[in-house]
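Letter by letter, the chains look like this.
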Amino acid sequence: MSKRPSPLLLIAAVMFTALAPMGIPSAKAVDPSTLITAAPHAAQLAKLWSPQLFRALGSTGTGLYKMGAAMLNIFRLPLGLLQCTLGAPFGFFGDGTSNVAQGLIAPCELLLQTLLLPVRIISLGTIY
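Treat the numbers as computed from the prediction; the structure is a model and nothing was measured. (Residues numbered from 1 in each chain as written. Predicted model: local features only at pLDDT ≥ 70, side-chain atom pairs only at ≥ 80, totals over all residues. Heavy atoms only, no water.)

## Section: the overall build of the protein
Of regular secondary structure, the protein possesses four helices and zero strands. Seen in sequence order, the protein has helices and strands lined up from the N terminus as α-α-α-α. With 128 residues in all, the protein has 16% of them scored as buried. Look at the contacts in the protein between residues 6 or more apart in sequence, and 67% of them connect residues 24 or more apart. Carbon and sulfur atoms make up 76% of the accessible area of the protein, which totals about 10100 Å². (Helix = DSSP H or I, 4+ residues; strand = E, 2+ residues; numbered from the N terminus. Buried < 20%, exposed > 50% of the residue type's maximum accessible area, 1.4 Å probe, protein only. Contact = heavy atoms within 4.5 Å. Areas by Shrake-Rupley, 256 points an atom, 1.4 Å probe, with all protein chains shown as cover.)

Right under this line is the structure:
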């Protein structure tokens with residue numbers, strides 16, 4: 001009679017053999033003379049590209065802000081439904097319909113802003 005190993009032990013052995021090659025460290029070094037010779041060129045490129053970089057960061061920040069605003073507007077849909085139903089006797093029906101409309105548009109706006117975000121990043125700040 002042979003005893004079978006436990007399934008937990010088999011899973012641990014398979015995980016160890018699958019992940020063991022990734023744990024091997026490697027050392028990479030850069031010659032200091034290479035850094036010294038490349039530094040003036042890097043400084044010139046940084047000086048040349050810094051305005052575009054700042055515009056791209058500003059455009060990206062604007063896009064992230066618009067995505068956050070659209071995501072928060074999604075919560076207007078349940079709020080508007082509550083205002084239209086339970087708040088109607090108290091005069092909140094008009095506000096509720098406005099919130100429902102904005103809550104229905106918000107997912108499309110979020111999708112649009114999400115699709116525009118990579119364009120904002122790559123376009124170097126030409127889209128605001």
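## A short note on the environment of Gly80
For Gly80, the position within the fold is in helix α3 (residues 76–85). On the basis of relative accessibility, which here comes to 0%, the residue Gly80 falls in the buried class. With 14 residues separating them in the primary sequence, Gly80 and Gly94 have C-alpha atoms 9.3 Å apart. When sequence neighbours within four positions are dropped, the list of residues in contact with Gly80 reads Gly96, Asn99 and Val100.

## Re the side chain of Asn99
Assignment of secondary structure puts Asn99 in helix α4 (residues 93–122). Discounting residues that sit within four places of it in the chain, Asn99 has contacts with Arg76, Leu77, Leu79, Gly80 and Gln83.

## Considerations on the confidence of the model for the protein
Atomic detail in the predicted coordinates should be set aside for any region of low pLDDT. Considering every residue of the protein, the mean pLDDT works out to 85; 89% of them sit at 70 or more. α3 holds the highest mean pLDDT among the elements of the protein, 94, whereas helix α1 (residues 7–19) holds the lowest, 78. (pLDDT = per-residue confidence, 0-100.)

## A word on the environment of Ala101
Along the chain, Ala101 falls in helix α4. On the basis of relative accessible area, Ala101 is assigned to the partly exposed category, the value being 37%. Sequence separation between Ala101 and Arg76 is 25 residues; the distance between their C-alpha atoms is 8.5 Å.

## A look at the packing of helix α2 (residues 32–73) against α4
One can describe the packing of α2 onto α4 by two numbers: an axis separation of 8 Å at closest approach and a directional angle of 160 degrees. Relative to α4, the element α2 lies roughly antiparallel. The crossing of α2 and α4 is left-handed. The segment α2 lies against α4, with Ala56, Ser59, Thr60, Thr62, Gly63, Leu64, Lys66, Met67, Ala70, Met71 and Asn73 engaging Gln102, Gly103, Ala106, Glu109, Leu110, Gln113, Thr114, Leu117, Arg120 and Ile121. Residue classes in the contact of α2 with α4 are distributed as nine nonpolar, nine polar and three charged. (Axes fitted to C-alpha atoms, helices over the stretch in contact; angles between N-to-C directions. Parallel < 35°, antiparallel > 145°, perpendicular 65-115°, else oblique. Left-handed = near helix turned anticlockwise from the far one by under 90°. Nonpolar A, V, L, I, M, F, W, Y, C, P; charged D, E, K, R; others polar.)

## Notes on the packing of α3 against α4
Between α3 and α4, the least distance of the axes is 7 Å, while the angle of their chain directions is 155 degrees. Taken together, the axes of α3 and α4 are roughly antiparallel relative to one another. Between α3 and α4 lies a crossing of left-handed hand. Counting all contacts with α3, which are made through Arg76, Leu77, Leu79, Gly80, Leu81, Gln83 and Cys84, the residues of α4 involved are Phe93, Asp95, Gly96, Thr97, Asn99, Val100, Gln102, Gly103 and Leu104. Residues belonging to the contact of α3 with α4 are distributed by class as follows: seven nonpolar, seven polar and two charged.

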